[in-house]
Amino acid sequence: MSAAAPRLALLGNPNCGKTALFNLLTGHRQKVANYAGVTVERKQGWLTTPQGRRAQLLDLPGTYSLDPLSQDEQVTRDVVQGRLAGEARPDLLVCVVDATHLQLNLRLVLEAQAQGLPMVLVLNMADVAQAQGMRIDTVALAAELGMPVVPAVSVQKDGARALLEQLDALFTQGLAAPLPAAADAGGVDPVALNQRVRELLALTLQVPAKRWGLSDRIDRFALHPLWGMALLALLLLFMFQAVFAWAAWPMDAIEAGIGLMGQQVATHMSDGPLRSLLVDGVIAGVGGVLVFLPQILILFFFIFVLEDSGYLPRAAFLMDRWMGLVGLSGRSFIPLLSSFACAVPGIMATRTITHWRDRWLTILVAPLMTCSARLPVYALLIGAFIPQRTVGGLFNLQGLVLFALYVMGIVSAMLVAYVVSRHSGKGQPTPLLMELPAYRWPSARNIARGLWERGLIFVRRVGGIILALMVLLWFLSSYPAAPEGFTGSAVAHSFAGRLGGVLEPLFAPLGFDWRIVVALIPAMAAREVVVAALGTVYALSAQGEQVHEALGALIAEQWTLPTALALLVWFVYAPQCVAMLAAVRRETGRWRHALGVAAYLFALAYLMAWITYRVAGAWGAT
Ligand SMILES: Nc1nc2c(ncn2[C@@H]2O[C@H](COP(=O)(O)OP(=O)(O)OP(=O)(O)O)[C@@H](O)[C@H]2O)c(=O)[nH]1
Ligand SMILES: [Mg+2]
């Protein structure tokens, strides 16, 4: 790229649509959602103006002020002031404001003016402002502020045309050289700032008389201490019911397809290592995980709807009091909720938490939220051991058990937070200051795109790391081959079987036999690998009629209920996820912290699985 290409940076309050604009201009697909604090690091892309000029565009975390409170806001200040090592200051600030919240948003614009950089003001969400009957005199605003002002709708195909044309005009003119930044970023007098904002609004903004909006009416119910909680519980319960109920037929279809493929290969190939690799390693292992694609997509469908609608910060508001009781702040809610998808972005999202103590506590318990990689494990075991029964005429028992496992993770997280915060001294309770965005219909395009991407990620994982691990596991479980006349399972004679045998005594108190232990080892890389690994190990050790049975049916025959329950509980706590531990190391800067997380999770997993095994056994569930 040409070294002379101008560098543009997007600056604005949280949730004003910077990332939506960034995606529209650069064609990227960064995460956009209807709550504050979605973007926590700087992202870079390229845009092309209608006249064919290229410019570099930076997306930044949202901030209310250039006087940063949290780590993500600090990134924004550092970029704007050119404090980031190895990175020049931007040549132009593209200030984005939510046109429906000018009073709040203009403060940052005025503060940014003290930075001495050329600026453009984008009045985003122009569609919403118009629908609310607002009128903004852009000409007067531009004259008052001394910078170009353009409207934009960042979620519409051509919504940034005015901005692009304005950029062309600016580039033709030549951008002014930046002046040195004001020494003290937050040094603007807040009283004077508010006064100036009021003046500007009086001159340029016409709003219709305030009506009770739909958002307010919904919120009277959704934020009610009692009804609001009931709604939240119902929403979550419905979600887990749907994960089982809606996924049934697509899963059956995928399973049938994979079964057919296995049979075709088995009948058309001559017996030998290659056939075994394909049937037992690839098809039984990898295919076994692929079956869970529909459930993962359904889970993400709900997560996307919740994110896009604006409901999440309401849930955070409802939960704030309860989180305070265990020493967590309401700010922890969204990072913890993101951890339902995956703990890695959840741990990254803790950058929005101001106090280190609150942040560390959130990082510590984030892995206890049930991530989507555990879903295949849960679904496999629930499908095999929990009967498909209707409870109370309404709920399906499998969905209820799944819900209970999620609740178990949440309750454990709360208990751990409580114990740790009691022992690490009382922190300052930080009040939850959070904007409640207006409710919005989730955009079908956004959701479809998100699901497509999620599906691709899952299939790539299955075809990449899981496939590779399964080939390796197949090899380790097939060699050395059992000698002629060896009685018992051939797998037990292999490398993997011997290793499983050595470790078996350690896990025997939990009811795990050597096959489960063998499957737990590759699952260190990623939790859902255990499903594939069980598929491979059981396919290799299947005899006679069992050869054509699906994994679920096989384990239902061979395991006792206490073993299955203990393994389920193991995965509520399981520390097995290299990516999560690496994220803890990255965000805290210390290996010690990552090892601490691994150790406490392992201890908890072992203890809880043991208790489950003993209690279920004593209950007579054999
Ligand atoms: N109707 C409408 N919605 C918009 C517009 N721009 C963004 N949105 C929505 O506003 C919400 C916030 O958008 P984001 O792009 O994530 O906001 P952000 O400024 O990057 O937020 P942070 O990263 O948290 O600072 C999302 O739900 C978008 O779909 C717009 O012009 N019109
Ligand atoms: Mg963003």
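Residues numbered from 1 in each chain as written. Chains lettered and ligands numbered in written order. Predicted model: local features only at pLDDT ≥ 70, side-chain atom pairs only at ≥ 80, totals over all residues. Heavy atoms only, no water.

Naming follows an unreviewed UniProt entry, where the chain appears as Ferrous iron transport protein B of Hydrogenophaga aromaticivorans.

Engineer: Just give me the short version of the environment of Met 134, but keep the residues and values in it.
Structural biologist: With respect to the element layout, Met 134 can be found in the loop between helix H4 (126-131) and strand S6 (135-136). Using a relative accessible area of 16% as the deciding quantity, one classes Met 134 as buried. For the pair Met 134 and Arg 77, spaced 57 residues apart in sequence, the C-alpha to C-alpha distance is 31 Å. Apart from the residues within four sequence positions on either side, Met 134 is in contact with Ala 99, Thr 100, Ala 129, Gln 206, Val 207 and Pro 208. (Helix = DSSP H or I, 4+ residues; strand = E, 2+ residues; numbered from the N terminus. Buried < 20%, exposed > 50% of the residue type's maximum accessible area, 1.4 Å probe, protein only. Contact = heavy atoms within 4.5 Å.)

Engineer: Which residues make up the packing of helix H3 (residues 102-113) against helix H7 (residues 190-204), and what values do they have?
Structural biologist: Across the interface, H3 lies against H7 with an axial gap of 9 Å and an inter-helix angle of 120°. When the axis of H3 is compared with that of H7, the two are oblique. Like other packed secondary-structure pairs, H3 and H7 cross with a definite hand, here right-handed. In this structure, H3 contributes Leu 102, Gln 103, Leu 106, Arg 107, Leu 110 and Glu 111 to the contact, and H7 contributes Leu 193, Asn 194, Arg 196, Val 197, Leu 200 and Leu 201. Broken down by class, the residue content of the contact of H3 with H7 amounts to seven nonpolar, two polar and three charged. (Axes fitted to C-alpha atoms, helices over the stretch in contact; angles between N-to-C directions. Parallel < 35°, antiparallel > 145°, perpendicular 65-115°, else oblique. Left-handed = near helix turned anticlockwise from the far one by under 90°. Nonpolar A, V, L, I, M, F, W, Y, C, P; charged D, E, K, R; others polar.)

Engineer: Mind laying out the sheet that holds strand S1 (residues 7-12), listing which residues take part and the relevant values?
Structural biologist: Strand order in the open sheet made by the six strands is S2-S3-S1-S4-S5-S7, with mixed pairing throughout. Two strands in the sheet have a free side with no partner beyond their single neighbour: strand S2 (43-48) and strand S7 (149-151). In this sheet, neighbouring strand axes are inclined to one another by 30° on average, regardless of whether the strands run parallel or antiparallel. Looking at chain direction, strand S4 (residues 92-98) and strand S5 (residues 119-124) are connected through six bridges and run parallel. (Pairing = 2+ DSSP bridges.)

Engineer: Talk me through the domain arrangement of the chain; I want residue IDs and the actual numbers.
Structural biologist: Segmenting the chain into domains produces domain 1 (7-206) and domain 2 (226-424 + 450-620). A C-alpha centroid distance of 42 Å is found between domain 1 and domain 2. Listed per partner, the contact involves 13 residues of domain 1 and 16 residues of domain 2. Here domain 1 and domain 2 share an interface that buries about 1,200 Å² over both sides, 51% of which is from carbon and sulfur atoms. (Domains from an automatic or database assignment. Buried area = accessible area lost by both parts, 1.4 Å probe.)

Engineer: Summarise the coordination of the magnesium ion (ligand 2); cite the residues concerned and give the values.
Structural biologist: Summarising the metal site, the magnesium ion (ligand 2) is bound by the protein donors Thr 19 (OG1) and Thr 39 (OG1), whose distances to it range over 1.9 to 2.0 Å. One end of the pair, Thr 19, is in helix H1 (residues 18-26); the other, Thr 39, is in the loop between H1 and S2, with 20 residues separating them in the sequence. A relative accessible area of 7% means that Thr 19 is categorised as buried. Assessed through its relative accessible area of 13%, Thr 39 is described here as buried. (Donors = N, O, S within 2.8 Å, 3.2 Å for Na, K, Ca; no water.)

Engineer: How would you sum up the UniProt feature "domain: FeoB-type G" (unreviewed entry) in the chain? Please name residues and give values.
Structural biologist: When the UniProt feature table is mapped onto this chain, "domain: FeoB-type G" (unreviewed entry) is found at residues 5-173. Secondary structure across residues 5-173 comprises 34% helix and 21% strand; the distance between its end C-alpha atoms is 15 Å. (UniProt positions renumbered as here; feature names shortened; annotations may be inferred.)

Engineer: If you had to explain the site of ligand 1 to someone new, which residues and values would you point to?
Structural biologist: Neighbouring ligand 1 are 25 residues; Lys 18, Thr 19, Ala 20, Gly 37 and Thr 39 lie closest to it. One nitrogen or oxygen atom from the main chain of Met 125 is found 3.2 Å from an oxygen atom belonging to ligand 1. Side-chain polar atom of Arg 440 to an oxygen atom of ligand 1: 3.0 Å apart, as the coordinates give it. If ligand 1 stood free it would expose 660 Å²; the protein chains cover 97% of that surface. Elements that contribute at least two residues to the shell around ligand 1 include exactly H1 and H4. It is H1 that contributes the most residues to the shell around ligand 1, three residues altogether. (Near = heavy atom within 4 Å. Polar contact = N/O pair within 3.5 Å; in protein donor to acceptor, adjacent residues only side chain to side chain. Areas by Shrake-Rupley, 256 points an atom, 1.4 Å probe, with all protein chains shown as cover.)

Engineer: An account of the pattern of salt bridges is needed here, citing residue identities and associated values.
Structural biologist: Side chains that differ in sign of charge can pair as their charged atoms come close. Within the structure shown, the criterion is met by 19 salt bridges. Here Glu 307 makes a salt bridge to Lys 31, at a shortest N to O gap of 2.7 Å. Taken together, the positions of Glu 307 in helix H12 (residues 293-309) and Lys 31 in the loop between H1 and S2 put the pair 276 residues apart, joining distant regions of the chain. A salt bridge links Glu 528 to Arg 461; the nearest nitrogen and oxygen atoms lie 2.9 Å apart. (Salt bridge = Lys/Arg side-chain N within 4 Å of Asp/Glu carboxyl O.)

Engineer: Which residues make up the environment of Trp 452, and what values go with them?
Structural biologist: Along the chain, Trp 452 turns up in helix H19 (residues 444-478). Trp 452 gets classed as exposed once you look at its relative accessible area, which sits at 57%. For the pair Trp 452 and Leu 297, spaced 155 residues apart in sequence, the C-alpha separation works out to 8.7 Å.

Engineer: Quick one: what's the story with the environment of Pro 180, residue by residue and with numbers?
Structural biologist: Relative to the elements of secondary structure, Pro 180 occurs in the loop between helix H6 (161-173) and H7. For the pair Pro 180 and Gly 116, spaced 64 residues apart in sequence, the C-alpha separation works out to 6.0 Å. What Pro 180 contacts, discounting residues up to four positions off in sequence, is Arg 89 and Gln 115.

Engineer: How would you sum up the pairing of S1? Please name residues and give values.
Structural biologist: Most of S1 is tucked away: six of the six residues are buried. The alternating pattern of S1 places Arg 7, Ala 9 and Leu 11 on one face and Leu 8, Leu 10 and Gly 12 on the opposite face, and all of these are buried. The pairing of S1 with strand S3 (residues 54-59) spans three bridges and is classified as parallel. Residue pairing across strands places Ala 9 opposite Leu 58, the latter belonging to S3. With five bridges connecting them, S1 and S4 associate as parallel partners. Along S4, the bridge assignment pairs Leu 8 with Leu 92.

Engineer: I'd love a proper account of H3, names of residues and values included.
Structural biologist: Over its 12 residues, H3 runs 16 Å from end to end, which matches the ideal 16 Å to within 8%, given 1.5 Å per residue. All buried positions along H3 are accounted for by Leu 102, Asn 105, Leu 106, Leu 108, Val 109, Leu 110, Glu 111 and Ala 112. (Expected span 1.5 Å × (residues − 1).)

Engineer: Just give me the short version of the pairing of S4, but keep the residues and values in it.
Structural biologist: The buried count for S4 comes to seven of seven residues, which makes it a mostly enclosed element. Where burial is concerned, the two faces of S4 agree: the one with Leu 92, Val 94, Val 96 and Asp 98 and the one with Leu 93, Cys 95 and Val 97 are both buried.

Engineer: Quick rundown of the UniProt feature "transmembrane region" (unreviewed entry) in the chain? Include the residues and the values.
Structural biologist: Under the UniProt annotation, "transmembrane region" (unreviewed entry) lies at residues 226-249, 277-305, 325-348, 360-386, 398-420, 458-476, 559-582 and 594-613. Helix makes up 100% of residues 594-613 and strand 0%, and the two end C-alpha atoms of the span are 28 Å apart.

Engineer: Requested: an account of the packing of aromatic side chains, with residues and values cited.
Structural biologist: Under the counting rule described, the total for this entry stands at 19 aromatic pairs. A centroid spacing of 4.1 Å and a plane angle of 40° characterise the contact between Phe 240 and Tyr 406, whose relative ring orientation is tilted. You can see Phe 240 sitting in helix H9 (residues 227-245) and its partner Tyr 406 sitting in helix H18 (residues 397-423), a full 166 residues away along the chain. Residue Phe 240 shares its accessibility class with Tyr 406, and that shared class is buried. Pairing Trp 356 with Trp 360 gives two aromatic rings, centres 6.3 Å apart and planes at 10°, and the pair type is stacked. In this pair, Trp 356 and Trp 360 are both assigned in helix H16 (residues 356-365), four residues apart and thus about one turn of the helix distant. Trp 356 sits in the partly exposed class, given a relative accessible area of 42%. (Phe/Tyr/Trp six-rings, centres within 6.5 Å; stacked < 30°, edge-to-face > 60°.)

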